[in-house]
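# Geometric and topological summary
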Amino acid sequence: MPLGEVQRKEAGLMEVSSSVADGAVVVTVAGEVDLYTSPKLRHEIVHWAQKETPSLVVDLGSVTYMDSSGIATLVEGLQLTRTYGGALIIARPGPSIREVLGFAHLDKVFPIFDSIEEAVEEQ
Amino acid sequence: MERAFEIRTLSDPRLLSVIRAATAQMAQVAGFEPKKIEQIKLAVDEVCTNIIRHTYKADPNKELILVFSLSEKGLEIDIQDFGEKLDPSVLQKPRTRRFKPGGLGLSLITSMIDEIEFSLPTSVGNKCRLVKYKGKKQV
């Protein structure tokens, strides 16, 4: 099933768009995630978590930078989805993002996949 | 150390991207490899983010000064704010690398940089110094 874009939100240096694929919601993030832009990502993740989306895939393939604000946003999303038995899955993080996730030992907490297809199939 | 570049800016989160870009460019001029440039950029960003969030309590109109100094060994960055003096006890190096809400920023800084010194003498506010070496950490 092709991905169907349902909405797009911009916050300066970061863009967030959401798609639905085979029952999973894919939140695609592009650009830099920091103190200024992370609230937009948080808003998007909370939006889908409030709908109790079973499988929330966050595609980081086009993220060029992420600081602790972005990491905290992902952790909050993980905690929210777990409250109703859902899952937050990370797809396509680049090397620098992987380094930050690994440093915080979050690479062992989040399911992480190298492709969106694999991440969607994980549900 | 040769004082090379200074940024005087505001505590507006929108300007963090500008600070990061200048930091990355400065690290490149200093001769760092791409991976270390990313680490320096992240450490500087986290210090500024902490100042904006905690010292200035999200007020976007406070002043921040970053001074970059170069040497053959590496890069030194002094970051000064003009907020209330911080309690040194909250600035101890974290004992754990595991994620705790609000504590990750300081952990990231200490892991990305070779030396960090908080509470440098300053008449007002707080000043911290980050040092990154091009080679292995100096002893």
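Source: prediction; values computed, not measured.

## Here we look at the side chain of S38 of chain A
Residues and elements named next belong to chain A. Looking at the element boundaries, S38 is found in helix α1 (residues 38-50). With a relative accessible area of 7%, S38 lands in the buried category. Other than its neighbours up to four places away in sequence, S38 contacts V33, S69, G70 and T73.

## Side note on the sheet that holds strand β5 (residues 126-133) of chain B
Residue and element names in this part refer to chain B. As summarised here, the arrangement of the 5 strands in space is β1-β2-β3-β5-β4, forming an open sheet in which the pairing is antiparallel. The open sheet has two edge strands with one neighbour each: β1 (2-10) and β4 (115-117). Strand-to-strand twist across the sheet, computed as the mean angle between neighbouring axes with direction ignored, equals 15°.

## Thoughts on the interface of chain A and chain B
Each partner contributes residues to the interface: chain A has 19 residues there, and chain B has 24 residues. Taken together, the two surfaces of chain A and chain B that pack against each other cover about 1,800 Å², and 68% of this comes from carbon and sulfur. It is L35, Y65 and F103 of chain A that lose the most area in chain A upon contact with chain B, and together they represent 36% of the buried surface on that side. Between the two partners, chain A and chain B, sit 2 salt bridges. Between D34 of chain A and R20 of chain B there is a salt bridge; the shortest N-O distance is 2.7 Å. Those elements that place two or more of their residues in the side of chain A that touches chain B are β4 (55-66), α2 (68-83) and α3 (95-103) of chain A. The dominant element in the side of chain A that touches chain B, judged by the number of residues it contributes, is α2 of chain A, at 5 residues. Its residues assigned to classes, the side of chain A that touches chain B shows 12 nonpolar, 3 polar and 4 charged.

## Description of the packing of aromatic side chains
Residue and element names in this part refer to chain B. Counted by the stated rule, this structure contains 1 aromatic pair over all chains. Ring geometry for F5 versus F68: centroids 5.9 Å apart, planes at 45°, classification tilted. Here F5 is found in strand β1, whereas its partner F68 is found in strand β2 (residues 63-70), with 63 residues between them in sequence. Residue F5 is classed as partly exposed on the basis of its relative accessible area of 34%.

## So, α1 of chain A
Residue and element names in this part refer to chain A. For α1, with 13 residues, the first-to-last C-alpha span of 18 Å sits near the 18 Å given by 1.5 Å per residue. Of all the positions in α1, only S38, L41, E44, I45, V46, W48 and A49 are classed as buried. Following α1 by one or two positions, E52 has its phi on the positive side, about 55°.

## A word on the pairing of strand β5 (residues 87-91) of chain A
All names here are of chain A. Burial runs high along β5: 4 of the 5 residues are buried. The pairing of β4 with β5 spans 5 bridges and is classified as parallel. Counterpart to V58 in the pairing with β5 is I90. You can see the chain leave β4, run along α2 and come back into β5, and the turn it takes is right-handed. In the sheet, β5 pairs with strand β6 (residues 112-113) via 2 bridges, with the strands oriented parallel. Looking across to β6, one finds that I90 is bridged to I112.

## Section: the pattern of salt bridges
Pairs can form between side chains of opposite charge whenever their charged atoms are close. In this structure the tally under the stated criterion is 13 salt bridges over all chains. Residues joined by salt bridges that share partners form a network here, namely E32 and D34 of chain A together with R20 and D45 of chain B.

## As for the nonpolar core
Core analysis: the largest hydrophobic core is formed by 62 residues, its most contacted members being V29 and L60 of chain A together with V44, L75, I79 and L130 of chain B. Broken down by element, the residue count for this core peaks at 9 residues, all from helix α2 (residues 34-55) of chain B. Sequence-distant contacts of L75 of chain B, defined by excluding residues within four places in its chain, comprise M26, A27, F32, I40, F68, S69, L70, L130, V131 and K132 of chain B. Counting residues in each nonpolar core, the second largest holds 9 residues, with V26, I89, I116 and A119 of chain A among its members.

What counts as what
Throughout this description, residue numbers start from 1 for each chain and increase along the sequence as written. Lettering of chains starts at A and numbering of ligands starts at 1, both following the order in which they are written. Totals for whole chains, interfaces and linings use every residue, but because this is a predicted model, local features are given only for residues with pLDDT of at least 70 and side-chain atom pairs only at 80 or more, for both listing and counting. Where side-chain values are given, they derive from all heavy atoms of the structure, hydrogens and water being excluded. Strands here are runs of E lasting at least two residues and helices are runs of H or I lasting at least four, both read from the DSSP assignment and numbered beginning at the N terminus. Residue burial is assigned from relative accessible area. The probe radius is 1.4 Å, only protein chains are included, and a residue is buried under 20% of its type maximum, exposed over 50%, and partly exposed in between. Residues are treated as being in contact if the distance between any of their heavy atoms lies within 4.5 Å. The rule for pairing is simple: two strands pair if DSSP sees at least two bridges between them. In this description, a line fitted to the C-alpha atoms serves as the axis of each element, helices being fitted only across the stretch in contact, and the angle between N-to-C directions of two axes falls anywhere from 0 to 180 degrees. The term buried area means the drop in 1.4 Å probe accessible area that two parts suffer when joined, counted for both and summed. The salt bridge criterion pairs a side-chain nitrogen of Lys or Arg with a carboxyl oxygen of Asp or Glu, the two atoms within 4 Å. Amino acids outside the nonpolar list (Ala, Val, Leu, Ile, Met, Phe, Trp, Tyr, Cys, Pro) and the charged list (Asp, Glu, Lys, Arg) are all regarded as polar, and Gly is one of them. Put simply, two rings from Phe, Tyr or Trp (the six-membered ring, in Trp's case) pair if the centres are within 6.5 Å, and we call them stacked under 30 degrees between planes, edge-to-face over 60, tilted for the rest. Multiply 1.5 Å by the residue count of a helix minus one, and that product is the helix's expected span. A right-handed crossover is one whose linking path, passing over the helix from the first strand to the second, runs clockwise when the strands point away from the viewer. Here, nonpolar core refers to any group of buried Ala, Val, Leu, Ile, Met, Phe, Trp, Tyr and Cys residues whose side-chain atoms link them within 4.5 Å.

Bear in mind that shape data such as this cannot, by itself, settle questions of function.
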